[in-house]
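Breakdown of the fold
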Amino acid sequence: MNILSIILQVILGLGFLMFGFMKFGSKQMVEGFKHYGYPGWFKVFTGMVEVISGVLVIAGIWNGKLAAWGSLLIIITMIGAIFTHIKIKDNIKQMMMPIFLLILGLVVILINFGIIL
């Protein structure tokens, strides 16, 4: 495993742990999910998926298959986030973080499958 992959996995993993845990108690997240038109349980579900993704990506430093699974969850989650922003007619600026995280997830999964680097 190369150093770029490790750095990306640490960034993604810690970021998704933080984003996931925020969904369990952040008032801002409660309001955000209401604004998106999603029920409260979906916020908790999304938080759990993000925490699991973060753990898998970090554990993937030692086991590439775990990184690939975690990255796949991140990619799916970010596609959902992008479609949510499109659904509520947000501008591209609000979509930049999910797009960036989607790209990072794609890079990590491609590295761990030996497709790039």
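Above this text you will find the structure in question.
Notes on the structure follow. Treat the numbers as computed from the prediction; the structure is a model and nothing was measured.

A few words on the pattern of salt bridges. Under the defined criterion, the tally for this structure stands at 1 salt bridge. A salt bridge links Lys23 to Glu50, with the shortest nitrogen-to-oxygen separation between them at 2.9 Å. Of this pair, Lys23 sits in helix α1 (residues 3–25) while Glu50 sits in helix α3 (residues 40–59); the two residues are 27 residues apart in sequence, bridging distant segments of the chain. Under the relative-accessibility criterion, Glu50 is labelled buried at 4%.

With that settled, the discussion passes to the nonpolar core. In this structure, Leu12, Phe16, Ile74, Met78 and Leu101 are the most contacted members of the largest nonpolar core, which totals 18 residues. Every element with two or more residues in this core is listed here: α1, α4 (64–87) and α5 (92–112). Each residue touching Met78, except ones within four places of it in the same chain, is listed here: Phe16, Pro98, Leu101 and Leu102.

In a regular helix each residue adds 1.5 Å, so 21 residues correspond to 30 Å; α5 covers 30 Å between its end C-alpha atoms and thus fits that length. Of all the bends in α5, the greatest measures close to 25° and is centred on Pro98. The complete set of buried residues in α5 reads Met95, Pro98, Leu101, Leu102, Leu104, Gly105, Val108, Ile109, Ile111 and Asn112. Tucked into the core, α5 has its buried residues touching α1 and α4. Capping the start of α5 is the job of one residue whose side-chain oxygen sits 2.9 Å from the backbone nitrogen of Lys93: Asn91. One or two positions beyond α5, positive phi appears at Gly114, with a value near 75°.

The rules behind each value
Residues numbered from 1 in each chain as written. Predicted model: local features only at pLDDT ≥ 70, side-chain atom pairs only at ≥ 80, totals over all residues. Heavy atoms only, no water. Salt bridge = Lys/Arg side-chain N within 4 Å of Asp/Glu carboxyl O. Helix = DSSP H or I, 4+ residues; strand = E, 2+ residues; numbered from the N terminus. Buried < 20%, exposed > 50% of the residue type's maximum accessible area, 1.4 Å probe, protein only. Core = buried A, V, L, I, M, F, W, Y, C linked by side-chain atoms within 4.5 Å. Contact = heavy atoms within 4.5 Å. Expected span 1.5 Å × (residues − 1). Bend = angle between axes of the 7 residues up to and from the residue. Polar contact = N/O pair within 3.5 Å; in protein donor to acceptor, adjacent residues only side chain to side chain.

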